[in-house]
Amino acid sequence: MIAVVSPAKTLDFEKPFNGEPTKPRLLKATNELVSVLREKTPDDLKDMMGISDSLAELNADRFRNFKKTPSAHNSKPGLYAFQGDVYQGLEADTFNETDLSFAQDHFRILSGLYGLLRPMDLIQPYRLEMGTKLAFDNYRSLYQYWDDAILKLLLRDLKAQGDKTIINLASNEYFKSINRKGVKARIVDVEFKDFNNGEYKIVSFYAKKARGLMSRFMIQNKINDVEELKSFNYEDYYFDEKASSENFLAFKRG
């Protein structure tokens, strides 16, 4: 069983990390993307990504200085570099050596620039969301560029552990990079709702954090079975059996 999550825009390359870093496995494709992005001006990036002038300048500089080979001097494992809402719930700093080993086999991060990352794969500072309309050569988007490369690698990882279950804890934008049609694997979607203004609804910040909480729950408890995920109860969430189905797990709070 492998859980997949989205990356984050907020990054931290200052704090130290635990564990032994690994090399991203789709690096050739990453470097090809960087070679295209390196030719973009800050104005190009601003228009393409919908970001501010300062962020456009920052990311143009990042692509210009991007190294083909990651190292401890220019990179950090994605598990520790990403700092958004999901990663607040994940709390990777609390992981011990056994947790990291389990995560390396059962946890994946989708990425517009790197495709599919293991938690300890080294990344350099970047911003490239999967939904970015980057068109070059014969590609019209990053979805078309990555095509089935992400899915093939994910299925290879599942085969290595003798399993066929993907737990979707990613956003729609990122999970669209995995073509559901014809996938020879069980995909389980997970939803988190909070009681707000008299009804249960998905509240973006809480739902994102909950995806990280469930990832931590799975990693720290070494869960490799969908049934065991139903016992998830971090920060007062509970399993809603009536709203769930075989491949859809609903959790509520409040």
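Structure: see above.
Remember, it's a predicted structure, so these values are computed and weren't measured experimentally. Every chain's residues receive numbers from 1 upward, in the order its sequence appears when written. With pLDDT at 70 or above as the cut-off, local features in this predicted model cover only qualifying residues; side-chain atom pairs require 80 or more to be listed or tallied, and sums for whole chains, interfaces and linings still use all residues. Side-chain descriptors were evaluated using all non-hydrogen atoms of the structure, hydrogens and water having been removed beforehand.

Trainee: What is the right way to look at the overall build of the protein in this model?
Mentor: Summing up its helical and strand segments, the protein has 11 helices and 10 strands in all. The C-alpha radius of gyration computed for the protein amounts to 18 Å, which stays within 12% of the reference 18 Å derived for 254 residues, consistent with globular compactness. Counting only C-alpha atoms, the protein reaches 50 × 40 × 40 Å along its principal axes. When burial is assessed residue by residue, the protein has 50% of its 254 residues classed as buried. Summing over all exposed atoms, the protein offers an accessible surface of approximately 12500 Å²; the carbon and sulfur share of this is 45%. One finds the centroid of the 38 positive side-chain charges in the protein at a distance of 4 Å from the centroid of its 37 negative side-chain charges. Numbering of helices and strands starts at the N terminus; helices are DSSP runs of H or I of at least 4 residues and strands are runs of E of at least 2. The globule rule used for comparison is 2.2 Å times the number of residues to the exponent 0.38, while the radius of gyration itself is calculated over C-alpha atoms. Only protein chains enter the accessibility calculation, which uses a 1.4 Å probe. A residue is then buried if its area is under 20% of the maximum for its type, exposed if over 50%, and partly exposed in between. Accessible areas in this description were obtained via Shrake-Rupley with a 1.4 Å probe; residue shielding takes into account the shown protein chains only. When charges are counted, Lys and Arg contribute as positive and Asp and Glu as negative, whereas His and the chain ends are disregarded. To locate a charge, take NZ of a lysine, CZ of an arginine, CG of an aspartate or CD of a glutamate.

Trainee: What is the right way to read the pairing of strand β10 (residues 248-253) from this model?
Mentor: Every regular strand shows the same layout, with side chains that alternate between the two sheet faces. With 5 of 6 residues buried, β10 is to be regarded as a mostly interior element. Each pair of strands is called paired provided DSSP finds at least two bridges between the two strands. Bridging between strand β7 (residues 186-196) and β10 involves 6 bridges; their strand directions are parallel. If you follow F192 over to β10, its bridge partner there is F251. Bridge count between strand β9 (residues 238-239) and β10: 2 bridges; the pairing is antiparallel. Considered in β10, the bridge of Y238 is made with K252.

Trainee: Hey, could you run me through helix α6 (residues 97-106) in this one?
Mentor: Helical geometry note: an α-helix holds 3.6 residues per turn, so side chains three or four residues apart project in the same direction. Where α6 is concerned, the buried positions are D99, L100, F102, A103, Q104 and H106. Only heavy atoms matter for contacts: two residues are in contact if any of them lie within 4.5 Å across the pair. Summarising the contacts, the buried residues of α6 are in contact with β1 (2-5), α4 (78-81), β3 (107-111) and α10 (204-220). Counted as a polar contact is a pair of N or O atoms within 3.5 Å, where, for protein atoms, one must be capable of donating a hydrogen and the other of accepting one, and residues adjacent in sequence contribute only when both atoms are in side chains. In this structure N96 caps α6, since a side-chain oxygen of it lies 3.0 Å from the backbone nitrogen of T98.

Trainee: Would you explain the packing of aromatic side chains in this entry?
Mentor: Both the distance between ring centres and the angle between the ring planes are used here to describe each pair of aromatic rings. For Phe, Tyr and Trp, where Trp contributes only its six-membered ring, two rings pair if their centres lie within 6.5 Å, and the inter-plane angle classes them as stacked under 30 degrees, edge-to-face over 60, or tilted in between. In this structure the tally under the stated criterion is 20 aromatic pairs. Here the aromatic rings of F82 and Y87 are separated by 5.6 Å at their centres, their planes lie at 40 degrees, and the arrangement is tilted. Across the pair, Y87 and F82 agree in class, each one buried. Arranged with centres 5.0 Å apart and planes meeting at 65 degrees, the rings of F195 and Y200 form a pair that is edge-to-face. For Y200, a relative accessible area of 27% puts it in the partly exposed group. Joined through ring pairs, the aromatic side chains of F192, F217, F232, Y234, Y237, F239 and F251 make up one cluster. If you follow R253 out to its NZ or CZ, it ends over the ring of Y206, 5.2 Å from the centre. Criterion for a charge above a ring: Lys NZ or Arg CZ within 6 Å of the ring centre, and within 35 degrees of the ring normal.

Trainee: Sorry, what's going on with the packing of α6 against α10 here?
Mentor: When two helices pack together, their arrangement is captured by the angle between the axes and the distance separating the axes. Packing of α6 against α10 leaves a shortest axis separation of 9 Å and a crossing angle of 115 degrees. Relative to α10, α6 is oriented roughly perpendicular. Crossing of α6 over α10 shows right-handed handedness. Where α6 abuts α10, its residues D99, F102, A103 and H106 lie against M218, I219 and Q220. Each residue gets one label: Ala, Val, Leu, Ile, Met, Phe, Trp, Tyr, Cys and Pro are nonpolar, Asp, Glu, Lys and Arg are charged, and the others, such as Gly, are polar. Considered class by class, the residues forming the contact of α6 with α10 number 4 nonpolar, 2 polar and 1 charged. To obtain an axis, a line is fitted to C-alpha atoms, over the contacting stretch when the element is a helix, and the angle between two such axes runs from 0 to 180 degrees between their N-to-C directions. Roughly parallel here means an angle under 35 degrees, roughly antiparallel means over 145, roughly perpendicular means 65 to 115, and every remaining angle is called oblique. Here a crossing is taken to be left-handed if its near helix is turned anticlockwise relative to the far helix by less than a right angle, and right-handed if that turn runs clockwise.

Trainee: Quick question: what am I supposed to make of the pattern of salt bridges here?
Mentor: A side chain with one charge can pair with a side chain of the opposite charge if their charged atoms come near. The term salt bridge refers to a pairing of a side-chain nitrogen on Lys or Arg with a carboxyl oxygen on Asp or Glu at a separation within 4 Å. In this structure the tally under the stated criterion is 20 salt bridges. The residue E91 makes a salt bridge to R216 at a minimum N-O spacing of 3.7 Å. Here the residue E91 occupies a position in the loop between α5 (85-90) and α6, and R216 occupies one in helix α10, the gap between them amounting to 125 residues. Overall, the relative accessible area of 12% leaves R216 in the buried class. D121 serves as the salt-bridge partner of R118, at 3.1 Å between the closest nitrogen and oxygen. Look at D121 and you get buried, because its relative accessible area is 0%. Among the ionic contacts, a cluster of salt bridges with common partners joins D194, K209, E235 and R253.

The values reported here are purely geometric and, on their own, carry no functional implication.
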